[in-house]
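Chain by chain, the residues run as shown.
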Amino acid sequence: MTMERFSASLMFIVAALALASCAHLEKAPTAEEFAPFARQATVFEYHYRPFWYSITMTSFAQGEQPFSEDRLVPVASLYGEDTPIQWSIEADVAMADDVKKQLTELKSYLHHYSRILHEREWLNDFEPHFRVGFAPPGAKLDHSHHTRFLRRPEFLFLRSPDSDSPDDLGFALLDTLRTIHHEMVHLATRTGIISIPGRTREARAINEEAFATINELCGQLLLKDRSGHGFNFRKSIDITFKNEGEPKEPQEVLKTLFEEIAGIDQPVIRRGTLGALIGTFVAYEPDPIGSRFGGDKTTQRLRRCRKLSHTPQDYFSDYLDMGLPSAWARMLFPESG
């Protein structure tokens, strides 16, 4: 079946990048550079130091009202049950009372996720303090938080809910937790706990992003299974082309998509987007992208996740060097048969 709504030149991709995450050693992308690719983004930047770890975490979000960390007030703090992981919940001063009303549910998520992270054993040498800060809906975020540590890192993750609805506050926390899970893959890589395969720097960076994406997806599925709280967690790939052209078959569209992304000049965005796409396809395979992750196959998905999220693979060689699987085109365009 031809896909007549697509043409030849890719303008932008939102590919599991409603929230994007990247680890890098180069100059961080600016908010303006991220804007065509993601509504929200988190960037993990590791700085080499001889005697301690040094990390900068930057939160971006498109919005109207600039937000300052000075507006955050403490709402609650806790340690994850039977773990050394500390959590602080903070919120814009005008949101604090609304957040307090949701604390029981929010704390439940944090306790469960502490166990999930602790069981991965990536953080066993550390006692991390995760600060979760809620900015108002529509806030414009461009905020960096620096931490230097030997054992007790502090990370600030800012998130702006979509609305004032209590449900959106819960979804914002879930987004934050999957981002934290993603970034802890990068932390474990930078501290030598995880070894990422790949013959080149580009390949290793893409493989790292793919493995982090797989882990964030699988972590959310495990949270749903353990917490008893239902939520529809979906990843979609929205492709927009700027010029009309000849209709393209699904496999050709898939190939063009990856080729266009590979041509992005900004290396952090290029590697992050390619890795996020590969990780999403690997995690979802063989289900259609955009379906609810797990769904009626949760038991099978959890079993598959245990294998996928344990050890990183050389995804670059498997999928970019060897060629994109035809199954991925069917996952992206299930109506094509």
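Before reading on, note that the structure itself is shown above.
Every value quoted in this text rests on a predicted model; they were computed, and no experiment measured them. (Residues numbered from 1 in each chain as written. Predicted model: local features only at pLDDT ≥ 70, side-chain atom pairs only at ≥ 80, totals over all residues. Heavy atoms only, no water.)

1. Quick notes on the nonpolar core
Point 1. Within the largest apolar cluster, 88 residues are counted, with the highest numbers of intra-cluster contacts made by Phe130, Phe134, Phe281 and Trp328.
Point 2. Discounting residues that sit within four places of it in the chain, Trp328 has contacts with Leu254, Phe258, Ile278, Phe281, Val282, Glu285 and Tyr319.
Point 3. Listed in part, the eight residues of the second largest apolar core include Ala61, Phe67, Leu72 and Ala135. (Core = buried A, V, L, I, M, F, W, Y, C linked by side-chain atoms within 4.5 Å. Buried < 20%, exposed > 50% of the residue type's maximum accessible area, 1.4 Å probe, protein only. Contact = heavy atoms within 4.5 Å.)

2. Observations regarding helix 4 (residues 166–190)
Structurally, the α-helix is built with 3.6 residues per turn, so residues lying three or four positions apart point the same way.
Point 1. With 25 residues, helix 4 should reach 36 Å at 1.5 Å per residue; the first-to-last C-alpha distance of 36 Å fits that figure.
Point 2. Counted residue by residue, helix 4 has 21 buried out of 25 residues, so it is predominantly covered.
Point 3. With a side-chain oxygen positioned 3.2 Å from the backbone nitrogen of Asp167, the residue opening helix 4 is Ser165.
Point 4. Positive phi appears at Gly192, one or two residues downstream of helix 4, with a value of about 85 degrees. (Helix = DSSP H or I, 4+ residues; strand = E, 2+ residues; numbered from the N terminus. Expected span 1.5 Å × (residues − 1). Polar contact = N/O pair within 3.5 Å; in protein donor to acceptor, adjacent residues only side chain to side chain.)

3. Examining a nonpolar patch on the surface
Point 1. Taken together, the side chains of Phe51, Trp52 and Leu150 define a hydrophobic patch exposed on the protein surface, amounting to about 360 Å² of accessible area.
Point 2. Within the secondary structure, Phe51 is located in the loop between strand 3 (40–47) and strand 4 (53–61). (Patch = residues over 30% accessible without salt bridge, like charges linked within 9 Å, V, L, I, M, F, W, Y side chains within 5 Å. Areas by Shrake-Rupley, 256 points an atom, 1.4 Å probe, with all protein chains shown as cover. Salt bridge = Lys/Arg side-chain N within 4 Å of Asp/Glu carboxyl O.)

4. As for the packing of helix 4 against helix 5 (residues 201–227)
Point 1. Two numbers describe how helix 4 lies on helix 5: the axes approach to 8 Å, and their chain directions differ by 140 degrees. Classified by the angle between their axes, helix 4 and helix 5 sit oblique to one another. Note on packing geometry: the crossing formed by helix 4 with helix 5 is right-handed. Counting all contacts with helix 4, which are made through Leu174, Leu177, Arg178, His181, His182, Val185, His186, Thr189 and Arg190, the residues of helix 5 involved are Glu208, Glu209, Phe211, Ala212, Thr213, Asn215, Glu216, Gly219, Gln220 and Leu223. (Axes fitted to C-alpha atoms, helices over the stretch in contact; angles between N-to-C directions. Parallel < 35°, antiparallel > 145°, perpendicular 65-115°, else oblique. Left-handed = near helix turned anticlockwise from the far one by under 90°.)

5. A look at the state of the cysteines
One way to say it: the disulfide is the covalent bond shared by the sulfur atoms of two cysteines.
Point 1. Under the definition given, this model contains one disulfide.
Point 2. Linked covalently through their sulfurs, Cys218 and Cys305 form a disulfide whose S-S length is 2.1 Å. An S-S torsion of about -80 degrees defines the bridge between Cys218 and Cys305 as left-handed. Taken together, the residues Cys218 in helix 5 and Cys305 in helix 8 (residues 298–308) connect sequence positions 87 residues apart. In terms of burial, Cys218 and Cys305 fall into one category: buried. (Disulfide = S-S within 2.5 Å.)

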